[in-house]
Amino acid sequence: MRIVNMGEWPLGQEDERHHEPGGEPLWNESWYYDFVSEDGEVGGYVRLGLYPNWKRAWYWACVVTKDGIVTHLDHDAPLPDADLTVAGAGYTASHRTTNPLRTVRVRLDSADLALDLEWRTAGGVYGYAITPRYEIPCEVTGTIGGTPFRGHGERDHSWGVRDWWSISWLWSSAHMEDGTYLHGMRANLGLELPWPAFQAPPGGEVEHVAGFSAATSFDGDRPRETVLRFPGMTTTVRPIAFAPVTLTSPEGAVAEFPRAMCAFETEDGRRGHGWTEWHQPPGWREHAWQSPA
């Protein structure tokens, strides 16, 4: 299994576990797990985020189709123990690494939503350069509400200060019909940096892609379309079904997080599905959502 580590810190199996928290009030450690069925009809994601200095965890789970959404959101969850099991009001959720950097099993048992899914690494591991974080493209199998599921997705793990109420960003990942996985992230800072981006060819391994950029247009507050520019592969992203979350800071500031299952299409006609997020903190409309020409 290949590990592409663009950062200056080590990245290995031990990083699947908890990290020692920093002293900042908004120091955060989070695990994401998203998925889309092979036909693009069903998708979802789970996020567990720990704010140890705020004395709480955030737990999000959702399943979407073109016709509806089921969510379970808890912004005052108890901090989990070492095995990342959360038991909140009316639900129990577990996130178990069964083989570090290779397989993870995620379960949710609640009245509204039941998940039992496994993420199996496909193509390797990609570590960011700009923050301690890694992304893993995956095959995803299991059950949703007892119904068999098979598809693809991505999982990630990050740790460090996470201030949702200052910086806006775009994050996007997909699995294409030819077997290609792709990923790109861009923060709206008003300048272009070497953004985290990778591709994994059909049956191949993760490769860093230099020169990634993105531009988004909006319909009111909702993203309408994003164009991802990978060298030699411009890809258009259009939302299919949104699973948004509203986030309130300790001081009462409000940010919106319109994450969506999306359809992807490359300029040469290849299609796929995945997830994209367009984070909207206070003042987000004035941020640089268009890459410079």
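Bear in mind that the values here come from a model prediction, so they are computed numbers and not experimental data.

Asks: I tried to follow the side chain of Glu135 on my own but got confused; where do I start?
Replies: Of note, Glu135 is situated in strand β11 (residues 133–144). For Glu135, the side chain forms a polar contact with the side chain of Tyr128, separated by 3.3 Å. Looking at Glu135, its side chain comes within polar contact range of the side chain of Trp171, at 3.1 Å. With residues up to four places along the chain from it excluded, the contact list for Glu135 reads Gly124, Val125, Tyr126, Tyr128, Glu154, Arg155, Asp156, Trp171, His183 and Phe198.

Asks: Would you explain the pairing of strand β4 (residues 56–65) in this entry?
Replies: Looking down a regular strand, the side chains alternate between one sheet face and the other. Counting buried positions over the ten residues of β4 gives eight, a clear majority of the element. By the bridge criterion, ten bridges tie strand β3 (residues 42–51) to β4 in an arrangement that is antiparallel. The residue of β4 that forms the bridge with Val46 is Ala61. The turn joining β3 and β4, which pair antiparallel and follow one another in sequence, is formed by four residues; a positive phi near 60 degrees is taken by Lys55. Bridge analysis of β4 against strand β5 (residues 69–77) gives seven bridges, and the strand direction is antiparallel. Pairing of Val64 across the sheet is with Ile69, part of β5. Where β4 folds back onto β5 in an antiparallel hairpin, the turn is made up of three residues.

Asks: When you look at the pattern of salt bridges in this model, what are you seeing that I'm missing?
Replies: Oppositely charged side chains can form a pair if their charged atoms are brought close together. Enumeration over the complete set of coordinates arrives at 16 salt bridges. One salt bridge connects Lys66 with Glu41, and the closest N-O pair in it is separated by 3.4 Å. Of this pair, Lys66 sits in the loop between β4 and β5 while Glu41 sits in the loop between β2 (27–37) and β3, and the two are 25 residues apart along the sequence. For Glu41, a relative accessible area of 36% gives the class partly exposed. For Arg270, the salt bridge identified is with Asp178, shortest N-O distance 2.9 Å. Here Asp178 lies in the loop between β13 (169–176) and β14 (181–187) and Arg270 lies in the loop between β22 (259–266) and β23 (271–279), a separation of 92 residues in the sequence. Where salt bridges share partners, they join Asp34, Arg259 and Glu277 into one cluster.

Asks: Would you mind showing me how to read the sheet that holds β22 here?
Replies: Ordered in space as β16-β15-β14-β13-β23-β22-β19-β18-β17, the nine strands form an open sheet in which the pairing is antiparallel. Two strands bound the open sheet, and with one partner strand each, they are β16 (207–208) and β17 (213–219). Bridge analysis of strand β19 (residues 233–242) against β22 gives seven bridges, and the strand direction is antiparallel. Bridge pairing in β22 links Thr236 to Glu265.

Asks: Just checking my understanding: could you explain the environment of Pro244 for this structure?
Replies: Structurally, Pro244 can be placed in the loop between β19 and β20 (245–248). If we ignore the near neighbours within four places in the chain, the residues touching Pro244 are Arg222, Phe257, Pro258 and Arg259.

Here is what the cut-offs are and how they apply
- Residues numbered from 1 in each chain as written.
- Predicted model: local features only at pLDDT ≥ 70, side-chain atom pairs only at ≥ 80, totals over all residues.
- Heavy atoms only, no water.
- Helix = DSSP H or I, 4+ residues; strand = E, 2+ residues; numbered from the N terminus.
- Polar contact = N/O pair within 3.5 Å; in protein donor to acceptor, adjacent residues only side chain to side chain.
- Contact = heavy atoms within 4.5 Å.
- Buried < 20%, exposed > 50% of the residue type's maximum accessible area, 1.4 Å probe, protein only.
- Pairing = 2+ DSSP bridges.
- Salt bridge = Lys/Arg side-chain N within 4 Å of Asp/Glu carboxyl O.

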